[in-house]
Number of protein chains: 2
Amino acid sequence: MKNSFNIALIGLGQIGNYLYNELKTKSNDIYIKTGKKIKVVAISAKNKNKKRQFKIDKKIFYKNPLEITKNKNIDILIESVGLSDGISKKIVETALKNKIHVITPNKALISKHGDYLSELAEKNKVNLEFEAAVGGGIPILRTIKESLATNKITKVYGILNGTCNYILSQMEDTKDSFSNVLKKAQQLGYAEPVNPKLDLNGYDALAKVKILSALSFNKKISNTKNLMEGIENIETKDLEIVDQLNYRIKLLGITELINDCLYERVHPCLVKKNTYIGNVNGVMNAVIIEGSPVGQSVLQGEGAGPGATSSALMSDLLSILRGNIKYPFGISKNKRKKVKIYDSNKFSNALYIRMEVKDRPGVLSTITKQLSKYKISVQRLIQIPDHKKKTASIVIITHNANELNSKKFLKSLILNKNILKTPILIRLF
Amino acid sequence: MKNSFNIALIGLGQIGNYLYNELKTKSNDIYIKTGKKIKVVAISAKNKNKKRQFKIDKKIFYKNPLEITKNKNIDILIESVGLSDGISKKIVETALKNKIHVITPNKALISKHGDYLSELAEKNKVNLEFEAAVGGGIPILRTIKESLATNKITKVYGILNGTCNYILSQMEDTKDSFSNVLKKAQQLGYAEPVNPKLDLNGYDALAKVKILSALSFNKKISNTKNLMEGIENIETKDLEIVDQLNYRIKLLGITELINDCLYERVHPCLVKKNTYIGNVNGVMNAVIIEGSPVGQSVLQGEGAGPGATSSALMSDLLSILRGNIKYPFGISKNKRKKVKIYDSNKFSNALYIRMEVKDRPGVLSTITKQLSKYKISVQRLIQIPDHKKKTASIVIITHNANELNSKKFLKSLILNKNILKTPILIRLF
């Protein structure tokens, strides 16, 4: 194995720029730990002259990142552009084909093209490392690949999106509205300033869930449409009501094998206040792994931000420098089978349903009739009247209800003119 | 690298026997993940005919474990005897000298002889792996060595002994006495049946702290006498009093660098009920790492038991089979310097002090006089009289008090005839 590695870094946003500085200041630490020398020999970004936290060396700047991947001198390429396709895919693909090790925090890319790219890596005998794609600074992927490698993992779930967790925590603490708290999150850098949608609608968390599934269950990445709901419709009112019932609302990503079929989903959940997951607040992420024989393993840490992400990217780099395991998903491509998908309509879940209704006689009875029709039994019902507006909030906590029936029930309410808004449905965890 | 590995397993107690079964039943999984075949070719234990959960193959049983280490066929030896010296040390030492990879969950051995043994491993170019020595199923050592490798770690602390945590949780929940709860823990297998002392007096947790320090701070293992206090003197009364003050009592292991000097200690702590660490109950272990740039990382899981321990031992095995990093402490022996030791007398801590006194005029005043002499200022004072016995409990929560002064204060009370028992001192975290 060679003793000196040339590194290219593409994408110099918050994360790329922070990492650039880490690579420069920690090369001696890296040498002590691995016996290898590193040198950043090429960088590329959209804008050469943008103001950045750490100065870049313009002499090694390439306008066209693809030129870098053709450079025979590059041993390791770090992609930090962040698209699911386009230039990100092209860069990683070309690098792997040119036998360059690749490191990326890009969950969109890996969750979409991870199977293809990992096959390329395996074929070309180079590493494709993406620890930073899930859980930021939480070493969750390496833990599954290495530390829990011989466990039979049956379920992995957690808080995988710091933006949503921050917003929900803040809404609970301040009683402020979703849109106001989102604005604050954007000001603090906890939410994307231009388009925060992919965080808020569950897409980001679902990409992470897909990567976790593939690693935990040793299967190909699933490419079916999954249950994906975000937090955009949750109102302060919901947080206040569940607070009184001793719950909090958390956006959870969950993946599990049910009768050997994969059930992946992302949606808000009511979680009990006195549980572990109910107490992971703010921008923190947490992942819980249920495996045998290890039992329950919990990992918690900062889920985003340049520091935490850089820590994970550096661990990928050290793994390459130390010559550690190569299969990007822990096992060879031939051993990773397609996974059967669980029919989510069969699943049962207790539900929180909030309906805004006209405060008139008979309204409740039409709702309970529909509930009964779809075999949804009520565990608790709370009616909160608003005398001024002559409306009421009806909140129902159900016993376990079938997912398909719940959908039909909600659909059946559309025609009910006494219901003033689309009802809010949140699953209990 | 060879494709087939012969394994010897020495020690067939609860853990060894469980692992033996795992090795036999999971050899195909291991082959899929590593491309290597394994075979258990030699076993040894004190008692060949003891009744065990899983049957052993008596044809490969050796009466003398040292004979195994001389066997040229052995590639990997797993030591699960558990002594800090004696036969455990002899086995590991001989194996390493004979270029056999060694895996051990033996924290007593590693915390005492880890530097010497890791030098032997390095010299003979074999692995010495001991993930299971700290935190059972929690992948804490590999996380420090690999995932957080380029972070500057400044503090590591946590609940490192499941026996003590179980006993304290049970005492809090049931209001039962230390000795009764200990008996129950012994019946359930959570405490050693014959000699639970090494768990209860903090020795076990301190051994783990020493290993964590060496890895986190890239130094030699410290061999100074450390602050080590157990839970044997804690009474149900203390748990009841702190409960009212919104605290719990946890036995914490803590290691940190203060001005580049190492301060390791194990002692009971008052922790706030609403903190993360205050909610790790029962036999669970948890470790919190403070590093830069990663921030705070938390790992929680089952700290003991054959399942969790086997999971960690298997991860060590896979690391060897995959040819992963070799330095047992993450960096080469030449780079691991001796560490300077922090003078614990300089440390300051808020304190909980409970004194049992005769209920007489002037008693409190003599105590407060002594407090004032040793510059310990009182934040809160609670006096609970026992009119029948004409005694009282005086509980003081202090502001930050110097460690040396606190010791002197406690010593000064010995001559005070109004104080009926050795006072209980618990530090606030």
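Keep in mind the model is a prediction, meaning the values are calculated, not measured.

A few words on the overall build of chain A. A count of helical and extended segments in chain A gives 14 helices and 18 strands. For 429 residues, the compact-globule estimate of 2.2 N^0.38 gives 22 Å, and the C-alpha radius of gyration of chain A, at 24 Å, lies within 12% of that figure. Across the 429 residues that make up chain A, the buried fraction comes to 52%. In chain A, of all internal contacts separated by at least 6 residues, the share reaching a separation of at least 24 is 75%.

We now examine helix α11 (residues 236–244) of chain B. All names here are of chain B. Residues of α11 that are buried: D238, I241 and V242. All buried residues of α11 lie within an arc of 95° about the axis, which places them on one face of the element. Here the buried face of α11 lies against β9 (247–258), β10 (261–272), β14 (351–358), β16 (391–398) and β18 (424–428). Backbone geometry just after α11 places N246 at a positive phi near 75°.

Turning to the interface of chain B and chain A, a few remarks are in order. With 41 residues of chain B in contact, the opposing surface of chain A contributes 41 residues. Across the side of chain B that touches chain A, the residue classes tally to 15 nonpolar, 18 polar and 8 charged. Sheet analysis places strand β12 (residues 295–302) of chain A next to strand β12 (residues 295–302) of chain B, joined by 3 bridges and oriented antiparallel. Opposite Q300 of chain A, over in β12 of chain B, you have V298 of chain B as the bridge partner.

Another aspect to go through is the environment of L212 of chain B. Residues and elements named next belong to chain B. Residue placement: L212 occurs in helix α10 (residues 203–217). Accessibility expressed as a C-beta count within 10 Å gives 28 for L212, which makes it buried. The residues touching L212, leaving out its near neighbours within four places in the chain, are V134, V156 and T255.

Residues and elements named next belong to chain A. On the basis of which strands lie adjacent, the open sheet formed by 6 strands has the order β3-β2-β1-β4-β5-β6 and parallel pairing. Pairing within the sheet leaves two strands with one partner each, and these edge strands are β3 (61–62) and β6 (128–129). Here strand β5 (residues 101–103) pairs with β6 via 2 bridges, running parallel. Bridge pairing in β6 places I103 opposite E129.

So, about the domain arrangement of chain A. The figure often quoted for interface size is the accessible area lost as the parts come together. Residues and elements named next belong to chain A. If you check the domain split of chain A, you get domain 1 (4–129), domain 2 (140–302 + 335–342) and domain 3 (345–428). Look at where the C-alpha atoms of domain 1 and domain 2 centre, and you get two points 28 Å apart. Contacts between the two partners involve 6 residues from domain 1 and, on the opposite side, 8 residues from domain 2. By residue class, the composition of the side of domain 1 that touches domain 2 is 2 nonpolar, 2 polar and 2 charged.

This next bit is on the sheet that holds strand β5 (residues 101–103) of chain B. All names here are of chain B. What the 6 strands build is an open sheet, ordered β3-β2-β1-β4-β5-β6; its pairing is parallel. Strands at the two margins of the open sheet, each flanked by one partner only, are β3 (61–62) and β6 (128–129). In the packing of helix α1 (residues 14–25) onto the sheet, the strands contacted are β1 (4–10), β2 (37–44) and β4 (76–79), and the crossing angle to β2 comes to about 150°. The strands that helix α12 (residues 306–321) touches are β1, β4, β5 and β6; relative to β5, the one it contacts most, it runs at about 160°.

At an RMSD of 0.0 Å, chain B and chain A line up after a rotation of 180° and a shift of 0.0 Å along the axis. Given the turn and translation reported, the copies of this chain are related as if by a two-fold rotation axis. Looking at chain B, 100% of its interface residues are interface residues in chain A too, so the copies touch through the same face.

As a further point, take the nonpolar core. L96 of chain A together with L96 of chain B are the most contacted members of the largest nonpolar core, which has 259 residues in total. Contacts of L96 of chain B, omitting those with residues within four sequence positions, involve V102, L117, L120, A121, N124, V126 and L128 of chain B.

Residues and elements named next belong to chain B. Relative to β16, strand β15 (residues 378–386) is paired through 8 bridges, and the arrangement is antiparallel. Looking across to β16, one finds that V378 is bridged to T398. Once β15 ends, the chain turns through 4 residues before running back antiparallel as β16, passing K390 with a positive phi of about 55°.

When two helices pack together, their arrangement is captured by the angle between the axes and the distance separating the axes. All names here are of chain A. Relative to each other, helix α4 (residues 86–97) and helix α5 (residues 107–123) sit at 15°, their axes nearing to 10 Å. By the angle class used here, α4 and α5 are roughly parallel. Both α4 and α5 take part in a crossing whose hand is right-handed. Where α4 abuts α5, its residues S88, K89, V92, E93, L96 and K97 lie against L109, H113, L117, L120 and A121. Residues that form the contact of α4 with α5 fall into these classes: 6 nonpolar, 2 polar and 3 charged.

Quick notes on the rules
- Residues numbered from 1 in each chain as written.
- Chains lettered and ligands numbered in written order.
- Predicted model: local features only at pLDDT ≥ 70, side-chain atom pairs only at ≥ 80, totals over all residues.
- Helix = DSSP H or I, 4+ residues; strand = E, 2+ residues; numbered from the N terminus.
- Rg over C-alpha atoms; globule rule 2.2 N^0.38 Å.
- Buried ≥ 20, exposed ≤ 12 C-beta atoms within 10 Å, placed from the backbone.
- Contact = placed C-beta atoms within 7 Å.
- Arc of directions from axis to C-beta.
- Nonpolar A, V, L, I, M, F, W, Y, C, P; charged D, E, K, R; others polar.
- Pairing = 2+ DSSP bridges.
- Domains from an automatic or database assignment.
- Axes fitted to C-alpha atoms, helices over the stretch in contact; angles between N-to-C directions.
- Least-squares fit on C-alpha atoms with pLDDT ≥ 70 in both.
- Core = buried A, V, L, I, M, F, W, Y, C linked by C-beta atoms within 7 Å.
- Parallel < 35°, antiparallel > 145°, perpendicular 65-115°, else oblique.
- Left-handed = near helix turned anticlockwise from the far one by under 90°.

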